[in-house]
Amino acid sequence: MTSSSSPSQDTKRLAHDYPEGLRADALMEEDVAWSHEIDGERDGDQFDRSERAALRRVAGLSTELEDVTEVEYRQLRLERVVLVGVWTSGTVQDAENSLAELAALAETAGALVLDGVIQRRDKPDAATFIGSGKALELREVVLESGADTVICDGELSPGQLIALEDVVKVKVIDRTALILDIFAQHAKSREGKAQVALAQMQYMLPRLRGWGQSLSRQMGGGKGGGLATRGPGETKIETDRRRIREKMAKMRREIAEMKTGRDIKRQERKRHKVPSVAIAGYTNAGKSSLLNRLTGAGVLVENALFATLDPTVRRAETPSGRLYTLADTVGFVRHLPHHLVEAFRSTMEEVGESDLILHVVDGSHPNPEEQLAAVREVIRDVGATDVPEIVVVNKADAADPLVLQRLLRIEKRSIAVSARTGQGIDELLALVDNELPRPSVEVEVLVPYTHGKLVARAHDEGEVISEEHTPEGTLLKVRVHEELAAELAPYAPTPAA
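About the thresholds
Residues numbered from 1 in each chain as written. Predicted model: local features only at pLDDT ≥ 70, side-chain atom pairs only at ≥ 80, totals over all residues. Heavy atoms only, no water. Helix = DSSP H or I, 4+ residues; strand = E, 2+ residues; numbered from the N terminus. Buried < 20%, exposed > 50% of the residue type's maximum accessible area, 1.4 Å probe, protein only. Areas by Shrake-Rupley, 256 points an atom, 1.4 Å probe, with all protein chains shown as cover. Polar contact = N/O pair within 3.5 Å; in protein donor to acceptor, adjacent residues only side chain to side chain. Contact = heavy atoms within 4.5 Å. Pairing = 2+ DSSP bridges. Axes fitted to C-alpha atoms, helices over the stretch in contact; angles between N-to-C directions. 1 Å grid on protein atoms, 1.4 Å probe; cavity = no way out; pocket = protein on both sides within 12 Å on 5 of 7 lines; lining within 4 Å. Points joined across faces, edges and corners; volume = space filled by probe spheres on them. Nonpolar A, V, L, I, M, F, W, Y, C, P; charged D, E, K, R; others polar.

(A) Focus on the overall build of the chain. Assigned secondary structure in the chain consists of 17 helices and 16 strands. Buried positions account for 47% of the 497 residues belonging to the chain. Accessible area for the chain stands at about 25500 Å²; split by element, carbon and sulfur atoms hold 52% of it.

Have a look at this one:
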């Protein structure tokens, strides 16, 4: 552990007068103003945007005795937070980038970031995360800024949370709890809500706390209680833990049932030999924007971390006319909580079952290589390392040209695009067309006009090389999979004598 004589030598303050690059908007360099005229054609209808930005209605605030025609509104009070991180390795720029990302997460969750501090240590303190002396200094920062919450850039143990709260006298949460809160706000589908609820219960189970009489024993067995009891019974906290475990078991069964429906749809696509492409990448890298640009899906696009959670699958077509599916997956982040990886494993299987991964990275980010490494770590966790990958460097219009050149040189299978302006999209579509698996059998058949369904299937499931309409039927030269080739075999033209 490194020690020093003055606080300024091992605590770095990220105050408001520091450069903008240290704030949350360092990760969000694009102009966030969305208008239907400018962005509507690219992003489609943004159905969730008005709902998410709307003020919340508070019923029953009026003191009038008669019916009123106007409804009172108020904006939700934002939590005022101070960020704290422990710098254990790497450069000071790495530590500041990590805290800037934490600030972006806090603002996405609806908090107002007042200040941030970084503590230089060999490893986090086992008792208070930052050490007892720095915890007292953090208390002074909280008092000066008027904050009501402290967010730590790491996952704290239950003991560290309690000890740090006892010193700073305000609520303390960690990075994991913050990400779970964002997921809970943004989950829309039934499956997404269930996955978030499961992750939250897994996180809360070891962190349950009892206060005062809550820890007292409940009455054990026996008639009438008192001296007739056979044992001490459960404490209140044990009862809570048992109920949470029961809820978790029920939630896992529900998620497994929902996974079955998605597996059936996936098997149907495989039966028809429809190739699939999965869009994966760091949060706020522009995955939803790219999906909208390629398919016109109309998925919510917002300059915020984890703006979209629910996976979206859309039908798309290559320039040569081949059909394939394009799936947008949940975004990743450094130190993604293990609970979330487990809860969203069924959703992330979309990546492992795909034929091609479009790995989207933010070219305008201060450290895009770190984003690539964080996403690949999660891809390894879900067993998708054998799937071919194309690195799509997005936001090329806002990126440093030197950074783009470096990324394109390091990543051999990569392409620079801009989902905002359309730069590089045609080249990306051509690359996807080239990389998707092609049907293996080439046949030439004369299909009678009475069997037009076979011709339609050849167009949908195969790659038509040539097509000619003759008096006897449709003369096709096509590349198809083995099953369809067997169905077309009886219509092979007989050689002329």
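Anyway, onward from the coordinates.
(B) Broad picture of the side chain of E165. Structurally, E165 is set in helix α6 (residues 158–168). Judged by its relative accessible area of 18%, E165 is buried. At a separation of 3.1 Å, a polar atom in the side chain of E165 contacts the main-chain amide nitrogen of V172. The contacts of E165, once residues within four sequence positions are left out, are V170, K171, V172 and R209.

(C) Just the sheet that holds strand β14 (residues 441–447), in detail. The strand order across the open sheet formed by three strands is β14-β16-β15, and the pairing between neighbours is antiparallel. This sheet does not close on itself; its edge strands, each paired only once, are β14 and β15 (463–469). Going across the sheet, the axis of each strand differs from the next one's by a mean of 10°, ignoring polarity. In this sheet, strand β16 (residues 474–480) lies alongside β14 in antiparallel orientation, the contact comprising seven bridges. Residue pairing across strands places V441 opposite V480, the latter belonging to β16. Of the strands in this sheet, β14, β15 and β16 are in contact with helix α16 (residues 452–461), which crosses β15 at around 145°.

(D) Focus on the layout of surface pockets. Within this model, the second largest pocket holds a volume of roughly 480 Å³. Around the second largest pocket, the lining comprises 23 residues; the ones closest to its centre are V86, T88, S98, D153 and H335. Looking at the lining of the second largest pocket, the elements that each hand over two or more residues are β4 (79–87), α4 (92–108) and α7 (175–186). Its residues assigned to classes, the lining of the second largest pocket comprises nine nonpolar, eight polar and six charged.

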